[in-house]
Amino acid sequence: SSGINAEYGAVKQSKPPPLKNEHLLRSMNFLHVAAHCAPTASTAVNMNEGLVRLKEKHTARLTPDLKRSTCAKCKVLLVPGNTARVRVRSKGGDLFRVVSCALCGVSKRYLVDTENLSIQNCPFYPNTHRISTQIETDT
């Protein structure tokens, strides 16, 4: 029981413990990725509604990234520049990211962590570091 196979002198490889509700996590991940790849907005809305139904049925929690990527009112996938408008506002010395849905107009404010602020870590602007290097090489 020490993990060593006495007959062959080899160490047994133990399997990692199974994830709780692994099938649920896989289904939720599939629906979120499928909503990003959906050819039409109505298909993406159906995928997001399915994701919310799964969450409610199994009383699971969505990660903050998943919650913030879907409009709470119309259930459309929020894509900056397409279905969402993203602005940064300051109030009382704090920075807020304001995300507004382009279809229904609902807006949400999220506090920006200024201590770990980096343009490379920003999920809404994945290609901005390439743009800044292009500007530097042109001058």
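Predicted, not measured: the structure shown is a model, and the values here were computed from it. (Residues numbered from 1 in each chain as written. Predicted model: local features only at pLDDT ≥ 70, side-chain atom pairs only at ≥ 80, totals over all residues. Heavy atoms only, no water.)

Can you walk me through unusual backbone geometry in this structure?
Glycine aside, negative phi is the norm for most residues, and most peptide bonds take the trans geometry. Here threonine 59, not a glycine, exhibits a phi torsion of approximately 45°, which is positive. For threonine 59, a relative accessible area of 71% puts it in the exposed group. Phi is positive for lysine 75, which is not a glycine, with a value near 60°. Mapping lysine 75 onto the fold places it in the loop between α3 (64-68) and β3 (84-91). A relative accessible area of 23% places lysine 75 in the partly exposed class. (Buried < 20%, exposed > 50% of the residue type's maximum accessible area, 1.4 Å probe, protein only. Helix = DSSP H or I, 4+ residues; strand = E, 2+ residues; numbered from the N terminus.)

Explain the packing of aromatic side chains to me, please; I cannot follow it from the model alone.
Remark: the centre distance and the inter-plane angle together describe each pair of aromatic rings, the angle taken between the planes. Within this structure, the stated rule accounts for zero aromatic pairs. Lying across the ring of phenylalanine 96, arginine 109 places its NZ or CZ 4.2 Å from the centre. (Phe/Tyr/Trp six-rings, centres within 6.5 Å; stacked < 30°, edge-to-face > 60°. Lys NZ or Arg CZ within 6 Å of the ring centre and 35° of its normal.)

Sorry if this is basic, but what is going on with the pattern of salt bridges here?
Side-chain pairs of opposite charge can arise where the charged atoms are in close proximity. This structure, assessed with the given rule, holds one salt bridge. The residue arginine 26 makes a salt bridge to glutamate 22 at a minimum N-O spacing of 2.6 Å. Note that arginine 26 and glutamate 22 are positioned in helix α1 (residues 22-37) at a spacing of four residues, about one turn of the helix. For arginine 26, a relative accessible area of 57% gives the class exposed. (Salt bridge = Lys/Arg side-chain N within 4 Å of Asp/Glu carboxyl O.)

Can you help me understand α1 in this one?
In an α-helix there are 3.6 residues to a turn, and that puts residues three or four apart on one side. For α1, with 16 residues, the first-to-last C-alpha span of 23 Å sits near the 22 Å given by 1.5 Å per residue. Buried residues of α1: Leu24, Met28, Leu31, His32, Ala34 and Ala35, and no others. The buried residues of α1 occupy an angular sector of 165° when projected down its axis, which confines them to one face. In α1, the exposed positions angled more than 90 degrees off the buried face are occupied by His23, Arg26, Phe30 and Cys37. Each element contacted by the buried residues of α1 is listed here: α2 (41-57) and α3. (Expected span 1.5 Å × (residues − 1). Arc of directions from axis to C-beta. Contact = heavy atoms within 4.5 Å.)

Sorry if this is basic, but what is going on with the sheet that holds strand β4 (residues 94-101) here?
In a beta sheet, neighbouring strands pair by backbone hydrogen bonds and run either parallel or antiparallel. Spatially, the three strands line up as an open sheet ordered β3-β4-β5, and their pairing is antiparallel. Every interior strand has two partners, whereas the edge strands, β3 and β5 (107-111), have only one. For this sheet, the mean inter-axis angle between neighbouring strands, taken without regard to orientation, is 25°. (Pairing = 2+ DSSP bridges. Axes fitted to C-alpha atoms, helices over the stretch in contact; angles between N-to-C directions.)

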